[in-house]
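Overview (structure and organization)
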Amino acid sequence: MEDLKVTASGYDFKPARAAMQRYIDGNLLSGISWAVMVGRDLVDVNCVGWADKEAQTALRTDHIFRVFSNTKLITSCAALLLFEEGKLGLDDPIEKFIPQLGNRKVLRSGATSLDDTEPAKSSITIRQLLSHSSGLSYGFFDPGTVIFKALNERGVHNPMTTLAQMVDVLADLPLIYQPGTSWEYSLAIDVVARLVEVISGQSFDTFIKARILDPLGMVDTGFVVPEKDQGRLVAYYAGADLMDPMKPGLTRTDNAPFPGAYLRPVARLNGGGGLVSTMPDMVALIRSLLPGGKTLLKPETIAQMMTNQLPDDQWIRFAMMGEQPGKAHGLAGGLILKPSAFDHPDASGEFYWGGVAGTQWWISPKRNMAGVMMAQRQMAFVHPFSFEFKRLAYEAVKQGAKAVA
């Protein structure tokens, strides 16, 4: 397990702690923990609030979180390990490994039925899967659309089905745009998890345990919380209004995304969002992608992972939230090319992603800093707390660097 001892001093995180305490006191978050690094040195580690608000259990760094889409970083790294071994090429067509995903059909613009399609002009590539530009959808964020209905009616998210069965569902459905021509958050990374299984000949959980979790000492990361550790699983809450994140009120929702989730094995090894983890484990993962020591991937692979994979005029776009100007995507997470009014001005070049319950990681090569935040509240991807914390963290690191100089 990663040691979370602060190893560099001179950084003032009191404003960040006070800001996060305000979210706890305002009944907007039950608890939040964080760790911030400059280089590979930890400059702040802290917890505020509760792991279980009703039981008044104070949040600790060893508590276990549902990390949801933070899972994608591990899945993407798994594929990139195979890339480094020459077992796949980023521009290989997916049908080279998963034949049923070849010869795609694409929904025409404005289509009102699954039959209103045209042939795909090109194959889906592994690069497009890793960067969410493949033409796949999620079936979460676009209610009312043809593909949303089809994916959900056919049980694409059924936890009792395997990754192979999920691919079979996708094989019978059209794409929502021509591969490589747009960006849509999607099941692509779950397809990548299946790709890892096919190439390695191992189940996805077995592969990541052997190649990522065990080597990095990520002892509490997995698809199931062992019975002996279930008392460390943080309570999960829904806000008063999903689309109004600053409306006070928290409701316990431990049975999300389905009853018994993470407490018992299920067939679906959800590479897009199925893992649980802890702060020490996530710090170990992020540290393994930073220069200055042994890395999980080769430095040149990490550099490519943090390089924009989308056309220069294309931004990431969430169906529920619209286009995100200045935000693009690499091979394992988003990129801030142009900081918004919500970002710190120094955030240009930041590589980041988060989970729908409030866990988030980021790496800022330009500022030589990185961080992990852990919360457990249903969100529409982002919450004001994460923007505020990162702004304050950037400022603490900036002022600390000035003090040292």
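A few points on the structure. Per chain, the residues get numbers from 1 upward, laid out in the order the sequence is written. Residue-level local features of this predicted model are given only where pLDDT is at least 70; pairs of side-chain atoms are given and counted only at 80 or more, and the full residue set underlies all totals for whole chains, interfaces and linings. To obtain the side-chain values, all non-hydrogen atoms of the structure were included, while hydrogens and water were left out.

1. Notes on the environment of A171
Secondary structure elements are defined from DSSP: runs of H or I of at least 4 residues count as helices, runs of E of at least 2 residues count as strands, and each element is numbered from the N terminus. For A171, the position within the fold is in helix α5 (residues 163-171). Classification of residues uses two cut-offs on accessible area relative to the type maximum, computed with a 1.4 Å probe and protein chains only: under 20% is buried, over 50% is exposed, and between them is partly exposed. Overall, the relative accessible area of 18% leaves A171 in the buried class. For the pair A171 and R104, spaced 67 residues apart in the sequence, the C-alpha separation amounts to 8.1 Å. Any two residues having at least one pair of non-hydrogen atoms within 4.5 Å are treated as being in contact. Excluding residues within four positions of it along the chain, A171 makes contact with Q100, L101 and R104.

2. A word on the packing of aromatic side chains
Ring pairs shown here join Phe, Tyr and Trp side chains whose ring centres sit within 6.5 Å, with only the six-membered ring taken for Trp; geometry is labelled stacked below 30 degrees between planes, edge-to-face above 60, and tilted in between. Across all of its chains, the model carries 17 aromatic pairs by this definition. By way of ring pairs, the aromatic residues Y138, F140, F141, W183, Y185, Y352 and W353 are connected into one cluster.

3. Quick word on the nonpolar core
Among buried residues, the Ala, Val, Leu, Ile, Met, Phe, Trp, Tyr and Cys ones that are joined through side-chain atoms within 4.5 Å form a nonpolar core. The biggest cluster of nonpolar side chains holds 124 residues, and the ones touching the most others in it are V36, I208, I212 and M305. I212 has contacts with I74, C77, A78, L81, F207, M218, L285 and L296, leaving out every residue within four places of it along the chain. One finds F68, A256, F258 and A261 within the second-largest nonpolar core, a separate group that totals 11 residues.

4. What about the sheet that holds strand β1 (residues 31-38)?
Strand pairing follows a simple DSSP-based rule, namely that at least 2 bridges must link the two strands. Taking strand neighbours across the sheet as the criterion, the 8 strands line up as β3-β2-β1-β16-β15-β14-β13-β12 in an open arrangement whose pairing is antiparallel. If you trace the sheet from one side to the other, it starts and ends with β3 (57-58) and β12 (327-329), each paired once. Sheet topology places β12 next to strand β13 (residues 334-336); 3 bridges connect them, and they run antiparallel. In the sheet register, H329 faces β13, and the bridge partner there is G334. A fitted line through C-alpha atoms serves as each axis, taken over the contacting stretch for helices, and the angle formed by two N-to-C directions is quoted from 0 to 180°. The strands touched by helix α1 (residues 14-25) within the sheet are β1 and β2 (41-52), with β2 carrying the most contacts at an inclination of about 15 degrees.

5. Overview of the environment of G274
Structurally, the position occupied by G274 is in the loop between β8 (250-252) and β9 (276-278). Overall, the relative accessible area of 9% leaves G274 in the buried class. Distance from G274 to A261, taken between C-alpha atoms, is 9.1 Å for residues 13 residues apart in sequence.

6. Points about empty space enclosed by the protein
Buriedness for pockets is judged along seven lines, at least five of which must meet protein on both sides within 12 Å for an open set on the 1 Å grid over protein atoms alone, while cavities are sets there where a 1.4 Å probe fits but cannot get out, and lining residues have an atom within 4 Å of a point. Grid points are joined across faces, edges and corners, and a volume is the space filled by probe spheres set on the points. By the definition in use, this model includes 5 cavities of 30 Å³ or more. Computed from the structure, the largest cavity encloses a volume of approximately 60 Å³. Just so you know the grouping, Ala, Val, Leu, Ile, Met, Phe, Trp, Tyr, Cys and Pro go in nonpolar, Asp, Glu, Lys and Arg go in charged, and all remaining residues, Gly too, go in polar. Considered class by class, the residues forming the lining of the largest cavity number 8 nonpolar, 2 polar and no charged.

7. Some words on the packing of helix α2 (residues 71-84) against helix α6 (residues 188-200)
Interaxial distance between α2 and α6 falls to 9 Å at its minimum, and their mutual angle equals 40 degrees. Judged by the inter-axis angle, α2 sits oblique to α6. Seen along the crossing, α2 lies across α6 with a hand that is left-handed. For the pair α2 and α6, contact is made by K72, T75, S76, A78, A79 and L82 and by I189, V192, A193, V196 and I199, respectively. The residue inventory of the contact of α2 with α6, partitioned by class, reads 8 nonpolar, 2 polar and 1 charged. Note that the term roughly parallel is reserved for angles under 35 degrees, roughly antiparallel for angles over 145, roughly perpendicular for angles of 65 to 115, and oblique for everything else. Crossings are classed by handedness, with left-handed meaning an anticlockwise turn of the near helix from the far one by less than a right angle and right-handed meaning a clockwise turn.

8. Notes on the pattern of salt bridges
Pairing is possible between side chains that carry opposite charge, provided their charged atoms lie close to one another. Salt bridges are identified by distance alone: a Lys or Arg side-chain nitrogen within 4 Å of an Asp or Glu carboxyl oxygen. One pass over the structure, following the stated rule, counts 23 salt bridges. One salt bridge connects R60 with D62, and the closest N-O pair in it is separated by 2.8 Å. Note on D62: relative accessible area 25%, which makes it partly exposed. K87 is the salt-bridge partner of E85, the closest N and O atoms lying 3.3 Å from each other. Members of the salt-bridge network, linked through shared partners, are D52, E54, R66, R252 and D254.

9. Regarding the side chain of Q360
Structurally, Q360 can be placed in strand β15 (residues 360-364). Overall, the relative accessible area of 10% leaves Q360 in the buried class. A distance of 3.2 Å separates polar atoms of two side chains, one belonging to Q360 and the other to K390. Q360 has contacts with N70, W353, G354, G371, V372, M373, S386 and K390, leaving out every residue within four places of it along the chain. Whenever two N or O atoms come within 3.5 Å, that pair is a polar contact, provided that in protein one can donate a hydrogen and the other can accept it, and provided that, for residues adjacent in sequence, both atoms are side-chain atoms.

10. Brief notes about unusual backbone geometry
The step from A256 to P257 runs through a cis peptide bond, and the omega angle for that step is 0 degrees. Mapping P257 onto the fold places it in the loop between β8 and β9. Although it is not a glycine, N103 sits at a positive phi angle of roughly 50 degrees. Residue position: N103 is located in the loop between α2 and β5 (105-107). According to the relative accessible area criterion, N103 is exposed, its value standing at 79%.

11. Describing the side chain of H383
Structurally, H383 is set in the loop between β16 (369-375) and α10 (384-404). On the basis of relative accessible area, H383 is assigned to the buried category, the value being 1%. Residues in contact with H383, not counting those within four places in the same chain, are Y23, P245, M246 and R377.

12. Digging into helix α8 (residues 279-287)
Most of α8 is tucked away: 9 of the 9 residues are buried. Taken as a whole, α8 has its buried residues at M279, P280, D281, M282, V283, A284, L285, I286 and R287.

13. Considerations on helix α7 (residues 204-216)
Since one α-helical turn is 3.6 residues long, residues separated by three or four positions face the same way. The first and last C-alpha atoms of α7 sit 17 Å apart over 13 residues, in line with the 18 Å expected at 1.5 Å per residue. What is called the bend at a residue is the angle between a pair of axes, fitted to the seven residues leading up to and ending at it and to the seven starting from it. At A210, α7 is bent by approximately 40 degrees, the largest bend along its length. Three or more residues of α7 are buried, namely F204, F207, I208, I212, L213 and L216. The inward-facing, buried residues of α7 contact α2, α5, α6 and α8. Positive backbone phi, at 70 degrees, marks G217, one or two positions downstream of α7. In this scheme, a helix's expected span is set at 1.5 Å multiplied by one less than its residue total.

By themselves, these are just geometric observations and shouldn't be taken as functional.
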